[in-house]
Amino acid sequence: MTGSVEVVDYRCEAGPAAMPYAEEHAATSISYVRSGGFGYRLGSRAFEMVAGSAVVGRAGDDYVCTHDHQCGDACLCFRLSPELVEALGGGAEVWRTGAVPPTPELAVLGELAQAAAGGHSEVGLDEAGMLYAGRFVSLVTGKRHAPPDAAGRDRRRAVEAALYIDDHADQPIDLESAARRSGLSPFHFLRLFAKVIGVTPHQYLLRARVRRAARMLAGDERPVTDVAYDSGFGDLSNFVRTFRRAAGVSPRAFRKAARGERNILQVRDGEAA
């Protein structure tokens, strides 16, 4: 476990002929079943998992997966650090739940996490994992995580974090390091930042990078690839996708608009050169 959330994309092709065997949860986790179905045995309890369900595991507990009905399933698993489990609250019994049937409250966040995993969302994958785990705890306990009170000191923390992110957007910044600079746990930092600033830290980081990129595209002649890396994006395809989502046109089309082709900004996404 290198951070508060470790994300594992599980894909299983086992079918009815596969012999079940005992496994152990290496960390406390919650998994979103994306597709397929399987059986999940935890002690004397047995659950049938289908798309939209959530598999809950407590570190050290033994379990068995069965595949009596069909072949294949896919899950997005969030392994949680002990510190995050404590920050989420709810007590130890929450993580003995075993499974949660399909619910819209978890499904929408599970799909958000999947979109983040595929690079199709501005929400960070670690942020989506925390949101998913937090919603699970709220559902099981019946207690919503109320937005934290943002007193003067906390508001300053959030603003200072935003200023730091903006100044260093061309550098690698993750939720863990930003939270550590603010003296907060990642879970509480995520919630405080979103309350005060109005977007998650990762969303703010991406938007800061897009602003930098737009400034470069409009102001100098460096190649689009250099703009991507100089503004903090790790690869060109991610930059083009994110910029197009924000501006409605490609980086090259935006540069043409900055040079005088103003009508190009009125062309819908996908039609610009």
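My aim in this report is to walk through the structure given alongside it, one point at a time. (Residues numbered from 1 in each chain as written. Predicted model: local features only at pLDDT ≥ 70, side-chain atom pairs only at ≥ 80, totals over all residues. Heavy atoms only, no water.)

## Some thoughts on the overall build of the protein chain
To be explicit about the condition: Only runs of H or I of at least four residues qualify as helices and only runs of E of at least two qualify as strands under DSSP, and these elements are numbered from the N terminus. Categorising residues by exposure relies on relative accessible area from a 1.4 Å probe, with only protein chains included: less than 20% of the type maximum marks a residue as buried, more than 50% marks it as exposed, and the intermediate range marks it as partly exposed. Residue contacts are defined here by distance: any two heavy atoms, one from each residue, within 4.5 Å place the two residues in contact. In this description, accessible areas are obtained by the Shrake-Rupley approach with a 1.4 Å probe, and a residue is regarded as covered only by the protein chains that are shown.
Of the regular secondary structure elements, the protein chain holds 10 helices and 8 strands. By principal-axis analysis of the C-alpha atoms, the protein chain measures approximately 70 × 50 × 30 Å. The buried share of the protein chain, taken over its 273 residues, is 47%. Long-range pairs, those at least 24 residues apart, make up 70% of the contacts in the protein chain between residues at least 6 apart in sequence. Surface accessibility of the protein chain: about 13700 Å² in total, with carbon and sulfur atoms responsible for 51%.

## A closer look at the layout of surface pockets
Under the convention used in this document: Computed over the protein atoms alone on a 1 Å grid, cavities are sets of points where a 1.4 Å probe fits but cannot get out and pockets are open sets with protein on both sides within 12 Å along at least five of seven lines; a residue lines them when it has an atom within 4 Å of a point. Grid points are joined across faces, edges and corners, and a volume is the space filled by probe spheres set on the points. Each residue is assigned to one class: nonpolar for Ala, Val, Leu, Ile, Met, Phe, Trp, Tyr, Cys and Pro, charged for Asp, Glu, Lys and Arg, and polar for all the others, Gly among them.
Computed from the structure, the largest pocket encloses a volume of approximately 560 Å³. In this structure, the largest pocket is lined by 25 residues; those nearest its centre are Tyr-10, Glu-23, Phe-38, Tyr-63 and Cys-65. Tallied by class, the residues present in the lining of the largest pocket amount to 16 nonpolar, 4 polar and 5 charged.

## A closer look at the pattern of salt bridges
Quick note on the threshold: A side-chain nitrogen of Lys or Arg and a carboxyl oxygen of Asp or Glu constitute a salt bridge if their distance falls within 4 Å.
Enumeration according to the criterion identifies 13 salt bridges in this entry. A salt bridge links Glu-6 to Arg-79, with the shortest nitrogen-to-oxygen separation between them at 3.9 Å. Note that Glu-6 is positioned in strand E1 (residues 5-12) and Arg-79 in strand E7 (residues 73-80), a separation of 73 residues in sequence. The class of Glu-6 is partly exposed, set by a relative accessible area of 29%. Ionic pairing is found between Asp-9 and Arg-34, a salt bridge with its closest N-O pair at 3.3 Å. Highlighted residues: Asp-9 in strand E1 and Arg-34 in strand E3 (residues 29-42), separated in sequence by 25 residues. Residue Asp-9 is classed as partly exposed on the basis of its relative accessible area of 38%. Using a relative accessible area of 24% as the deciding quantity, one classes Arg-34 as partly exposed. Overlapping salt bridges, with partners in common, bring together Asp-220, Arg-222, Asp-230 and Arg-255 in one network.

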